[in-house]
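What follows is the residue order along each chain.
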Amino acid sequence: MLNRLLRRDALAALLALSSATAWACPPAFAKAPPKAPARSGSKTVYRARLANGLRVILVRDPLAPVVTTEVNYLAGADDCPPGFPGTAHAQEHMMFRGSPGLTGDQLTKMSALMGGDFDADTQQSITQYYFTIPAEELDVALHIESLRMRGVDDSQKLWSKERGAIEQEVAADHSNPEYLAYLKLRRVMFAGTPYARTGLGTRRSFNKTTAKLLKSFHDKWYYPDNAVLVVAGDIDPQRTMSSIRQYFGSIPGKPVPAHPAIDLKPVKPQTLTVGSDLPYDVTWLVYRAPGFDKPADYAAATVLSDVLSSQRGTFYGMVPQGKALNVGFSLDPMRRAGLAFAEVDYPKGANGKALIADAQQILAADAAKGVPADLVAAAKRHEVASAEFAKNSIEGLADAWSQAVALEGRKSPEDDVKAIERVTTADVDRIARQIIDPAQMVTVNLVPRPSGKPASHAAFGGGESFASSNPKDVKLPAWAAAALSRLTLPPAPTKPVDRTLPNGLRVIFVPNHASKTVVVEGQVQSDPRLEESIGQDGVDGVLGDLFSYGTTSLDRVAYQRALDDIGAVESAGRDFSLEVLAPKFDRGMQLLADNLLHPALPATAFKVVQQEHEQEVAGELQSPKFLTRLATTRALVPAGDPALRHATPRSVARLTWADVKNYYRGVFRPDLTTIVIIGDITAQQAQAEVAKYFGDWEATGPKPATLMRPIPLNHASKVVVPDSSRVQDKVTLGLNLEINRWDPGYYALRLGNEVLGGGFNSTRLTKDLRENGGLVYYVFPILDIGLTRSFYEIEFGCDPQNVAKARAIVERDIHQMQTQLVTPAELKQAKTMVLRSIPLSLASVADTADTYLLLAKLGLPLDEPERAARHYLTLNRQEIRNAFARWIPARDLAQVVQGPAPR
């Protein structure tokens, strides 16, 4: 589930294993031929249930030439055998080791050749497997999933290999203090039920687990009657259904076993305390909440969560009052019950006891007196709009249908929308009184533990060496080889409209009719490390937080009310954005421009934000995460470089209100700004709205410097940043490079990096470190090529005793890239991966906007992906070897370890 976790925010990642539901077969799935297509918003939806019980949902969305397949098995952490937590998670891993008729090596190579995203996740009552790939490869993905449903190679030999990787995943999560706190919380809130454990598992349980146990789990739960297949994207529904019947139709079905009972007991109030590596204190006030099995109550709880998180609410008022750094309210739902989190973040050393007492009083008052009706109405508008915005991503669309149908037992995502629309203020008040019950509340305190000082080392761990990995080609099954042998240019996307206003503001527009929405993303090209005046480090952060305090015409609350009135979400700053329903585009742009061009920056708010930043920075300077980032930067840039600048309590405390306003005037200017607009409007509308609200924006004075100067190459070094919260080391190996983005060698280096570490288990580093060695759970080689500075970093997590072994393998693999030609098969695979990943960069509105903003920032033409594709097609093996030999000085790798000292 690694890829999917990386796409979530921190809290969502912690809760990724916590959802649960039972299947309730809706009437729409009668065993019959596909029903006539139903309209779901702007989507055409087809449903069918095969004779063997497999439920199929097809959602056509021509947003991009991309599809997502998602197979949902209705079994997860709840269904693990007694004494073997993590069995469902372990079987998820083993599904990537091969099936009868498909070896693990073939599976990983095929997933790489498809050039997409290939992953899985285990939740409380469901396990999901998904592909996001070019549409032309849909049949290959369906064939793979049908083979995996038929059977799995759960051999003891393969499990022995995979156990090392999954145990590294356990070590990584157990190095996350927030996750450890969540584990303790679940044991208390759901004692004596399957909900008391997540699906992660433990090293102890995995050491007892056998291949026979895993195979029995697959045989018990992985079959058509217990699965829902969702396919979303640019599909031909009739052809797709024909393929599904061909691949899945002959798999035998069987009765679904009973799931374990969930017998909830009353919660006993208590307080849990866990040390953390955060730079501030965090307290969770946690309550029992309704589950999916009560749709009306769950909808009311969802609205309540939004109301209590509203910036117009009394709970959020603790932030502008200077009492808390941040607050929020969120739900972690499962089938029979869920958790409701009230989170309060506050400076290290603050009077937490009094602060949390205030928070409890505020929440209790909201529950006792009722919540404002206008906030309920606003929350409902935002939830309905959010459902429309979910259509702006093909993968997100598949997720939404899987969540609604397979996880929650609904007929469609629109069932949740209708339930939200039926919620009344009385419903929200009733649920608030039910949830916010101090007699059943658990308090969790995450207390910062400062890191020890980083320690430099001349060497440690010994100089291990390993024999060549000798990469070998894998022969694919005939049905896959034919489909994946093509090496062609990807289809050209819709050409964006690119205009520049007289004031220098660049506007890029892309039409999108996947939803009745408009998404705006923009950036002001800047670098605080160059633009903050000496002695004013931290002014950029203070300014960034002040944007939420309204405009010169609308104060903080009035501005948020204006957004609520149209169900829009807006954020202003050097990076800014707007999500708004298409009919409200004009008002949304007016509000965005007002905030960006006329921020209030009130003096009273400045004092509050300044104090908060001063306190937060004081804690951050002692946190292991900050010290690791700083140590990495110090290892890669020369002393005194602007990249080493950072805020201190003193620099923040010395800031004045005038400093903030002067910084704003110097940084925010139209001739350094790019806006990308994607939505259900015309290019003329987009251009007219930007001209209307941003056309009078003027730049004053010369443009500031925004690009760092080139720097000399770094030298080899080793640093350990102690972190008592970690049991696993986070290791970063880094280099700065002489190459820049305009150098023709960029393309060969990028292609070679795909050979080294670009794909799932099919590239060298992943195969050597994870699949064969079991030393790491993940390894990321990151090539960051800029206009004036470039860096290459390889990050992995492993046990302290394996750091030297893992590094030696990395160095060996890089050395082979420099001295030996990659194999013809590796070259073709790398080209295929890169070429087929290009359309995937446009598979969501957010990805499309990010792509065009990056191209604008680098000064590259907007059709650079198509130009790059032509470069990749012509590259040869010698050019890759020469690029690695020329640009990657592996002997100078800087090593930074966060966690226990390697041994």
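The rules we used
Residues numbered from 1 in each chain as written. Predicted model: local features only at pLDDT ≥ 70, side-chain atom pairs only at ≥ 80, totals over all residues. Heavy atoms only, no water. Helix = DSSP H or I, 4+ residues; strand = E, 2+ residues; numbered from the N terminus. Rg over C-alpha atoms; globule rule 2.2 N^0.38 Å. Buried < 20%, exposed > 50% of the residue type's maximum accessible area, 1.4 Å probe, protein only. Contact = heavy atoms within 4.5 Å. Areas by Shrake-Rupley, 256 points an atom, 1.4 Å probe, with all protein chains shown as cover. Lys, Arg positive; Asp, Glu negative; His and termini not counted. Charge placed at Lys NZ, Arg CZ, Asp CG, Glu CD. 1 Å grid on protein atoms, 1.4 Å probe; cavity = no way out; pocket = protein on both sides within 12 Å on 5 of 7 lines; lining within 4 Å. Points joined across faces, edges and corners; volume = space filled by probe spheres on them. Core = buried A, V, L, I, M, F, W, Y, C linked by side-chain atoms within 4.5 Å. Pairing = 2+ DSSP bridges. Polar contact = N/O pair within 3.5 Å; in protein donor to acceptor, adjacent residues only side chain to side chain. Axes fitted to C-alpha atoms, helices over the stretch in contact; angles between N-to-C directions.

Q: Would you explain the overall build of the chain in this entry?
A: Looking only at helices and strands, the chain has 33 helices and 26 strands in total. In terms of overall size, the chain behaves like a compact globule, its C-alpha atoms giving a radius of gyration of 27 Å where 903 residues would be expected to give roughly 29 Å. Looking at the chain as a whole, 60% of its 903 residues qualify as buried. Contacts spanning at least 24 positions in sequence make up 83% of the contacts within the chain whose residues lie at least 6 apart. Carbon and sulfur atoms make up 53% of the accessible area of the chain, which amounts to about 34,000 Å² in all. Here the chain contributes 102 positively and 99 negatively charged side chains, and the mean placements of these two sets differ by 4 Å.

Q: Explain unusual backbone geometry to me, please; I cannot follow it from the model alone.
A: Glycine aside, residues mostly have negative phi angles, and peptide bonds mostly take the trans form. We note that Leu601 has phi near 45°; this positive angle belongs to a residue other than glycine. Here Leu601 lies in the loop between helix 21 (585-597) and helix 22 (603-620).

Q: In this structure, what is going on with the layout of surface pockets? I would like to understand it.
A: The gaps left among the atoms become clear once a water-sized probe is rolled over them. Here the second largest pocket is characterised by a volume of approximately 670 Å³. In this structure, the second largest pocket is lined by 27 residues; those nearest its centre are Glu620, Phe626, Arg629, His646 and Ala647. Mapped by element, the contributors of at least two residues to the lining of the second largest pocket are helix 18 (528-531), helix 19 (539-546), helix 22 and helix 23 (624-636). A per-element tally of the lining of the second largest pocket places helix 23 first, with five residues.

Q: Would you explain the nonpolar core in this entry?
A: The nonpolar side chains of a soluble globular protein tend to be buried, and buried together. Formed by 50 residues in total, the largest nonpolar core has its most connected members in Val520, Leu546, Met589, Phe668, Ile677 and Phe694. A per-element tally of this core places helix 21 first, with seven residues. With near-sequence residues (within four places) excluded, Ile677 lies in contact with Val507, Ile508, Phe509, Val510, Val518, Val519, Val520, Phe585, Met589, Ala686 and Val690. Counting 48 residues, the second-largest nonpolar core is a separate cluster that includes Leu50, Leu107, Met114 and Tyr222.

Q: Can you help me understand the pairing of strand 22 (residues 717-721) in this one?
A: Regular strands show a simple pattern: their side chains alternate between the two faces of the sheet. A large share of strand 22 lies buried, amounting to four of its five residues. Bridging between strand 22 and strand 26 (residues 894-898) involves five bridges; their strand directions are parallel. Residue pairing across strands places Val721 opposite Gln898, the latter belonging to strand 26.

Q: Would you take a moment to explain the side chain of Glu532 for this structure?
A: When you line up the elements, Glu532 lands in the loop between helix 18 and helix 19. A distance of 3.2 Å separates a polar atom in the side chain of Glu532 from the backbone nitrogen of Gly538. Within the local environment of Glu532, its side chain forms a polar contact with the backbone nitrogen of Asp540, the two atoms lying 3.0 Å apart. Contacts of Glu532, omitting those with residues within four sequence positions, involve Asp537, Gly538, Val539, Asp540, Arg645 and Tyr663.

Q: How do you make sense of the sheet that holds strand 11 (residues 281-290) when you look at a structure like this?
A: Across a sheet, strands are paired by hydrogen bonds formed along the backbone, either parallel or antiparallel in direction. The sheet built from five strands is open, its strands ordered 10-14-11-13-12 with mixed pairing. Lying at the two open borders of the sheet, with one neighbouring strand each, are strand 10 (270-276) and strand 12 (326-333). For this sheet the average axis-to-axis angle between neighbouring strands, irrespective of direction, equals 20°. Where strand 12 meets strand 13 (residues 337-346), eight bridges bridge the pair, whose relative direction is antiparallel.

Q: Would you take a moment to explain the environment of Leu355 for this structure?
A: For Leu355, the position within the fold is in helix 12 (residues 352-369). Residues Leu355 and Ala324, 31 residues apart in the sequence, show an inter-C-alpha distance of 7.8 Å. Not counting chain neighbours up to four residues away, the residues in contact with Leu355 comprise Met318, Lys323, Val344 and Tyr346.

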